[in-house]
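Structural description and commentary
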Amino acid sequence: AMQARLKKTVVLVGMMGAGKTAVGKALAAALHAPFLDSDAEIEKAANMTIPEIFARDGEPFFRLKERQVISRLLENERGVLSTGGGAYMAPENREIISKKGVAVWLNADLDLLWSRVRHKDTRPLLRVPDPLGALTKLYNERVPVYATADLTVVSQPGLSIDAMASRVIEA
Ligand code: S3P
């Protein structure tokens, strides 16, 4: 088992439904490292859910909180950090992630992402008349940016969470 202290935080980036939280938890357990989750930290600090924050305060406020949380987590701890799908789009986040972390893109194709998010109601950006259209647009805008991450691990249907975590470790 790997027990050496991490030199850098492993930062999981990628679309909603890519498995960042599930794989992050498994990876943290395998590395005996703390698991950090930017969305969960934002919810805890606000004492509101993400949809509530978007509805009450708007997306720009959420993005501000997201930047603050990501910088705090990266400054203070080393572990495995799962980010929200939009986090890596902010240049400020990419900069601190490149300094303090290793960015790993969990790359899943649109069909797989859609199959995982379509029945959930937890993503405000998909609470629109055409959620598949919205997901597709975000996917097309974001993939070129995710592709600049340090490492890419492909998420495929049928690959277990632990198998994905192993692939991240191998990468
Ligand atoms: C978002 C993804 C969500 C959450 C928020 C915005 C995005 O996180 O941060 O709803 O912009 O893609 P997940 O990627 O964990 O769903």
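Residues numbered from 1 in each chain as written. Predicted model: local features only at pLDDT ≥ 70, side-chain atom pairs only at ≥ 80, totals over all residues.

- Going by the annotation in an unreviewed UniProt entry, the name recorded for the chain is Shikimate kinase, with Marivita geojedonensis given as the source organism.
- For the record of the chain, the UniProt heading Function (unreviewed entry) holds the text "Catalyzes the specific phosphorylation of the 3-hydroxyl group of shikimic acid using ATP as a cosubstrate."
- The record held by UniProt for the chain lists under Sequence similarities (unreviewed entry) the comment "Belongs to the shikimate kinase family." (UniProt positions renumbered as here; feature names shortened; annotations may be inferred.)

Overview of the UniProt feature "binding site: Mg(2+)" (unreviewed entry) in the chain
- In the numbering adopted here, UniProt assigns the feature "binding site: Mg(2+)" (unreviewed entry) to Thr21.
- Here threonine 21 shows up in helix α1 (residues 20–31). (Helix = DSSP H or I, 4+ residues; strand = E, 2+ residues; numbered from the N terminus.)

What to know about the sheet that holds strand β4 (residues 101–107)
- Read across the sheet, 5 strands follow the order β2-β3-β1-β4-β5 without closing on themselves; strand pairing throughout is parallel. The open sheet has two free edges, formed respectively by β2 (35–37) and β5 (151–154), since each of these has just one partner strand. Adjacent strand axes in the sheet meet at a mean angle of 25°, parallel and antiparallel pairs treated alike. (Pairing = 2+ DSSP bridges. Axes fitted to C-alpha atoms, helices over the stretch in contact; angles between N-to-C directions.)

Quick notes on the UniProt feature "binding site: ATP" (unreviewed entry) in the chain
- According to UniProt, the feature "binding site: ATP" (unreviewed entry) maps to Gly17, Ala18, Gly19, Lys20, Thr21, Ala22 and Arg123 in the numbering used here.
- With respect to the helices, strands and loops of the structure, alanine 18 is situated in the loop between β1 (9–13) and α1.
- Here alanine 18 falls in the buried class, since 26 other C-beta atoms lie within 10 Å of it.
- A tally of 28 C-beta atoms within 10 Å means that lysine 20 is categorised as buried.
- In this structure, lysine 20 is in contact with Leu12, Gly14, Ser82, Thr83 and Leu106, ignoring residues within four places of it in sequence. (Buried ≥ 20, exposed ≤ 12 C-beta atoms within 10 Å, placed from the backbone. Contact = placed C-beta atoms within 7 Å.)

Quick notes on the pairing of β1
- Across the 5 residues that make up β1, a large majority, 5, are buried.
- Relative to β4, β1 runs parallel, the two being bridged by 5 bridges. Paired with valine 11 across the two strands is alanine 103, which belongs to β4.
- In this sheet, strand β3 (residues 80–82) lies alongside β1 in parallel orientation, the contact comprising 3 bridges. By the bridge assignment, leucine 12 is partnered in β3 with serine 82.

Observations regarding the site of the ligand
- Neighbouring the ligand are the residues Met16, Lys20, Thr21, Asp39, Ile50, Gly84, Gly85, Gly86, Arg123, Pro124 and Leu125.
- Its residues assigned to classes, the shell around the ligand comprises 4 nonpolar, 4 polar and 3 charged. (Near = placed C-beta within 6 Å. Nonpolar A, V, L, I, M, F, W, Y, C, P; charged D, E, K, R; others polar.)

A word on the environment of arginine 118
- Checked against the element boundaries, arginine 118 lands in the loop between α6 (110–117) and α7 (131–146).
- The exposure class assigned to arginine 118 is exposed, which follows from the 12 C-beta atoms found within 10 Å.
- For the pair arginine 118 and glycine 17, spaced 101 residues apart in sequence, the C-alpha to C-alpha distance is 9.3 Å.

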